[in-house]
Amino acid sequence: LIPNLRSGNNIPKGLHSFQDKLYAYFEQHNINNLEYAVQFVAPSESIDYFLFGVDNVAQLEEILSVEIDNYRDIPSIEQLILELDKKWIDPRNWS
């Protein structure tokens, strides 16, 4: 879900394909990937805190501006996940 990973060379080729499909899906449904990520975990009762890494203040401000109280129904990416090769779920298998 992280935008700058799209152009990174450290991502295994199999994940590039999944990421391309994911971004196409988000574009098709007019979904902001940051909002999707935050709003996906926000309603979970098993999550007490969020931990984000940022490169600058602007990124932090963008994250803090996501309205988690206004959670909206976002189309599920479940079908994309079902198509994902299970070896990509665990980073220890990314060789």
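The structure displayed is predicted, hence computed values, not measured ones.

**Q** Explanation requested: the overall build of the protein in the structure shown.
**A** Across its full length, the protein holds 4 helices and 0 strands. When the helices and strands of the protein are placed in sequence order, the string is α-α-α-α. Per-residue burial over the protein gives 23% buried out of 95 residues. In the protein, the share of contacts with a sequence separation of at least 24, taken over all contacts with a separation of at least 6, comes to 62%. When the accessible surface of the protein is split by element, carbon and sulfur atoms take 52% of a total near 7500 Å².

**Q** Help me out: how do you make sense of unusual backbone geometry in this one?
**A** Trans is the prevailing form of peptide bonds, just as negative phi is the prevailing case for residues other than glycine. For N30, which is not a glycine, the phi torsion comes out positive at approximately 55°. Residue placement: N30 occurs in the loop between α1 (13–28) and α2 (33–41).

How each quantity is defined
Residues numbered from 1 in each chain as written. Predicted model: local features only at pLDDT ≥ 70, side-chain atom pairs only at ≥ 80, totals over all residues. Heavy atoms only, no water. Helix = DSSP H or I, 4+ residues; strand = E, 2+ residues; numbered from the N terminus. Buried < 20%, exposed > 50% of the residue type's maximum accessible area, 1.4 Å probe, protein only. Contact = heavy atoms within 4.5 Å. Areas by Shrake-Rupley, 256 points an atom, 1.4 Å probe, with all protein chains shown as cover.

The analysis is restricted to geometry; functional conclusions fall outside its scope.
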